[in-house]
Every structure is written in structure tokens, then in C-alpha cells.
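Next come the chains, spelled out residue by residue.
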Amino acid sequence: MKHRSSVRAGAVLAAASLACAGIAAPAQAGPGGRVSATVVDSATGQPVAGACIALVVPGRGGLPDHCGDDSDEQGRVTISAVPAGTYQIFVFTPEGYGYQWAGPRGGTGDQQEAAKIRVRAGRTVQAPTVRLNPPGSISGVVRDPDGAPTRWANVAITAWDFGVGPSRGSVDADVQGRYTLDHLGPYAWPLSFTTGDLARQWSGGVGNRFRAEKIQVEAGQDTRYDNTLTRGSVLRGAVTLRDGAEADFWRITAVNATTGDPIGVADSTEAGDPAYEMRLAGPQQVRISWYVRVGEESRSGSWQNGARVRVPASGVRTLDLTI
């Protein structure tokens, strides 16, 4: 029996605890620093309270489910005990404003344009002023490769972790494939589409978020974006434990090698069967991470120290994994 990709199945891994801290996949732990920011209305310059600041490490992918540091009545917020490293800021905004990546001079929907903040141990770094704008929305219909509406497809501004499940900034389409994703800043956004049977993919049918088609949002307006999904290719093979043990459970996750976004997943479902299979949007390069549970022991790591795996646009790629 082949182990097929799943959308929300399996154990919640370490990423869940990181999400609760408001930091998506931080750098190595060590003496902490602090990040201070001021949040204002872009049009008036007045401070905005209730904006939630999340720090994201470039190249790690995903967004936290929530964060614990909101701007106060003066628009000020300080995040402490931050491991040294480079971060970018994503802002979950209060009512009346749209989500954004914080850029050097204003908001953006593209992480590549977000400001980079260098945190040093024992120091406080001041981030660029966060300037918020009124929100807009994106609505449309998701269809499968044959043109039929795709019910319950998840549409999101992030490639959420398969263990944690959908986070803020995502919505499930209805039985007619219709969706509306709101609370978005008036910027150009890439969208991810996740279903149970087809490859997770970004707008335009690609696996790399930085190459996705971006949809321009206008403040106070609804932008139409219909999307027909591609089938993608298949990555499959056998999973073998290096020490010869028999696993109680394993999970194989493919992440885009450039963005760090989780793009495919396969779980074990039958004891003793080593086969796995997942659909991926190609062409792209991925890295393979793994989690395995043997008795009361859990292990995790990266296949061949993070080696890149080329995924074709269509067809099948066979890759046996020793973990």
C-alpha cells in the first residue's frame, strides 16, 4: 500500500511550539536580542494599536498561527528574547487594516520585498516604521485540471505547516469551489492552493512562491482570481531506517529549496510498508525533511544533509530514502 500525501494528518511537530511563540522557524537558540517597531496609519501617520508582529526567518517558509506581541496605544511594540539572526516582519493587523510584509518604506505582499532585520545578542534593533493600509480581498473559483470546481480547496497567503494545519490568512473553498480571502493589504499577493489529491501549488501552478503569479489587491475592493489547478508530478519511493528498526510512524515532507515552504507530505499508514508517494508542482527543487517515531523515541532530520532534489514538471521521480 502506498502512503499518499495528506493535508492535515499526522503528528504536530516542533513547528507548532515555534508558531505559538510568534516566530516562524527561528535561528539557533542563544543569547537573545530585542526588536522594536512602531506601527502607524499609512495615510495619517497616527499610531495603530493591536497590530501583531511576527518575526520570520528568510528561507524557512510558513507563518506562525499567532504571535504574542501587539502594538500598544502609541503604536509601539518590542519583541524580546529573540535569537540572534536575520528576520523579516509579517503583520497580522487589527480591523480596518490589511495584512502585510513590512517593507523598508511601506507594506508589501511579497516576502522578497520585505525589510531584513539583523538581531544581535544583547542589543535592541529598531525595525523600519510599519505603515498600515486599508484592506481588500480576493475572490474566485478553484477548479481541478478537468475544469470541475474543487470543493474544500484551501486558499492561503502562506504554505502552512502540514502538521499544524491552516493558519490565519487562509480560507476553505465551498462545495462549488468558491472562496473569498479578505483582510489583505493593497499589494500584489501570491496565493497557495492545497487539496487532498493534487499537488500543493502557488498561483500560476508553480511550486516556488517567488515565481508565483501575484494578484493585485485594491483597498476596499474585491479582486477576482479564478484558478485551475495542475496535476503536477509524483515523487515516490521507499523509506528505510538507517539502523534497521521498524518505525511506528514516519512523515516525509518536501520543502521548496528556495523559499523553505512545505510543498508536499507523505505519512506512513501501515506497519512494515516502506512505500511513500506525494504529488508536487514541478519543475522545482526541494529538500526532504523527515520525522520518525520508534517506540517512545522520536527523531527528525534532513535527508542527505539538505541535498536538493529535482522535481520534473510531470511524470514520476523515484527516490528511495534512508533516514
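Keep in mind the model is a prediction, meaning the values are calculated, not measured.

A.B. asks: Explain the pairing of strand S3 (residues 52-56) to me, and be specific about the residues and the numbers.
C.D. replies: With five of five residues buried, S3 lies mostly within the body of the structure. As paired strands, S3 and strand S5 (residues 85-92) are joined by five bridges and run antiparallel to one another. Within the sheet, the bridge partner assigned to Ile53 lies in S5 and is Val91.

A.B. asks: Please provide a residue-by-residue account of the nonpolar core, values included.
C.D. replies: In summary, soluble globular proteins display a tendency toward joint burial of nonpolar side chains. Among the nonpolar cores identified, the biggest contains 28 residues, and Phe90, Phe92, Ile138, Ile157, Tyr179, Trp189 and Leu191 are the most heavily contacted of them. For this core, the secondary structure elements donating two or more residues are S3, S5, strand S11 (136-143) and strand S14 (178-184). Non-local contacts of Phe92, meaning those with residues more than four positions away in its chain, are made with Gly50, Ala51, Cys52, Ala54, Leu63, Pro64, Cys67, Tyr99 and Arg168. Counting residues in each nonpolar core, the second largest holds 26 residues, with Trp250, Tyr276, Val286 and Val311 among its members.

A.B. asks: I'd like a description of the environment of Val294, backed by residues and values.
C.D. replies: Counting through the fold element by element, Val294 comes out in strand S25 (residues 284-294). In sequence terms Val294 and Ala245 are 49 residues apart; their C-alpha atoms lie 7.5 Å from each other. Apart from residues no more than four positions distant in its own chain, Val294 is found in contact with Leu241, Ala245, Glu246, Ala247, Asp248 and Arg299.

Cut-offs and rules
- Residues numbered from 1 in each chain as written.
- Predicted model: local features only at pLDDT ≥ 70, side-chain atom pairs only at ≥ 80, totals over all residues.
- Heavy atoms only, no water.
- Buried < 20%, exposed > 50% of the residue type's maximum accessible area, 1.4 Å probe, protein only.
- Helix = DSSP H or I, 4+ residues; strand = E, 2+ residues; numbered from the N terminus.
- Pairing = 2+ DSSP bridges.
- Core = buried A, V, L, I, M, F, W, Y, C linked by side-chain atoms within 4.5 Å.
- Contact = heavy atoms within 4.5 Å.

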